[in-house]
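Letter by letter, the chains look like this.
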Amino acid sequence: MGESVSALDIVAIHRPRYRERPQLARVIQRTADGYSVQWLSGSYSSSWTEARRRDGRKLVPWMENIRESDIVYKKISLTSGNKLTHKLTHTLRSIYTHRDRTSS
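Fair warning: this is a prediction, and the values are worked out from it, not measured in the lab.

Rules and cut-offs
Residues numbered from 1 in each chain as written. Predicted model: local features only at pLDDT ≥ 70, side-chain atom pairs only at ≥ 80, totals over all residues. Heavy atoms only, no water. Helix = DSSP H or I, 4+ residues; strand = E, 2+ residues; numbered from the N terminus. Rg over C-alpha atoms; globule rule 2.2 N^0.38 Å. Buried < 20%, exposed > 50% of the residue type's maximum accessible area, 1.4 Å probe, protein only. Contact = heavy atoms within 4.5 Å. Areas by Shrake-Rupley, 256 points an atom, 1.4 Å probe, with all protein chains shown as cover. Phe/Tyr/Trp six-rings, centres within 6.5 Å; stacked < 30°, edge-to-face > 60°. Lys NZ or Arg CZ within 6 Å of the ring centre and 35° of its normal. Salt bridge = Lys/Arg side-chain N within 4 Å of Asp/Glu carboxyl O. Core = buried A, V, L, I, M, F, W, Y, C linked by side-chain atoms within 4.5 Å.

Engineer: Quick rundown of the overall build of the protein chain? Include the residues and the values.
Structural biologist: The secondary structure content of the protein chain amounts to one helix and eight strands. For the protein chain, the succession of helices and strands along the chain, N to C, is β-β-β-β-β-β-β-β-α. By the compact-globule yardstick of 13 Å for 104 residues, the protein chain fits well, its C-alpha radius of gyration being 14 Å. Taking the principal axes of its C-alpha atoms as reference, the protein chain extends roughly 40 × 35 × 30 Å. Put simply, the protein chain has 104 residues, and 38% of those count as buried. Within the protein chain, residue pairs in contact and separated by at least 24 positions form 55% of the contacts whose partners lie at least 6 positions apart. Of the roughly 6,800 Å² that the protein chain leaves accessible, carbon and sulfur atoms contribute 47%.

Here it is in structure tokens:
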């Protein structure tokens, strides 16, 4: 986990509120207190795409600022179909399970 994160890297983020699926985001830039990220939408078995939210009538990319301590896995590589690898799925499930147990 000592790796540094740079722009366009995909990272996994721990948000206890959303336990049923992994939370992945693409790093846009480093900020003073963490990172500016664009959220990705998908699940353990489906492909991942850019998450969008409504801004009036328009759908815009879902951007947010996160703290570096929220990142649980860095430098995620997706398959050619934009899916998680089988090994990475198991790794993320165990990380999230461990984090949920220690945070409650």
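Engineer: Break down the packing of aromatic side chains for me, with residues and values.
Structural biologist: The geometry of an aromatic ring pair is captured by the separation of the ring centres together with the interplanar angle, meaning the angle of the planes. Counted under the stated rule, the structure contains zero aromatic pairs. Sitting over the ring of Y35, R30 keeps its end group 4.9 Å from the ring centre. The ring of Y44 carries R93 above its face, with NZ or CZ at 4.0 Å from the centroid.

Engineer: I'd like a rundown of unusual backbone geometry, residues and numbers included.
Structural biologist: For L8, which is not glycine, the phi dihedral falls at a positive 75°. Within the secondary structure layout, L8 lies in the segment before β1 (10–13). Taking relative accessible area as the criterion, L8 reaches 62% and is therefore assigned exposed. Even without a glycine there, the phi angle at N82 is positive, about 60°. With respect to the helices, strands and loops of the structure, N82 is situated in the loop between β8 (71–73) and α1 (86–103). For N82, a relative accessible area of 37% translates into the label partly exposed.

Engineer: Can you tell me about the pattern of salt bridges, naming the residues and giving the values?
Structural biologist: Throughout the structure, instances matching the rule amount to six salt bridges. The shortest N-O distance in the salt bridge between E68 and K74 comes to 4.0 Å. Of the residues examined, K74 reaches a relative accessible area of 9% and is grouped as buried. Through salt bridges that share partners, R30, E68 and K74 make up one connected network.

Engineer: Lay out the nonpolar core with the relevant residues and their values.
Structural biologist: Within the largest apolar cluster, 13 residues are counted, with the highest numbers of intra-cluster contacts made by A12, L24, I76, L84, L92 and Y96. Mapped by element, the contributors of at least two residues to this core are β1 and α1. The element contributing the most residues to this core is α1, with four residues. Excluding residues within four positions of it along the chain, L92 makes contact with A12, P22, L24, Y44, Y73 and L84. With eleven residues, the next largest nonpolar core counts V11, W39, I66 and I71 among its residues.

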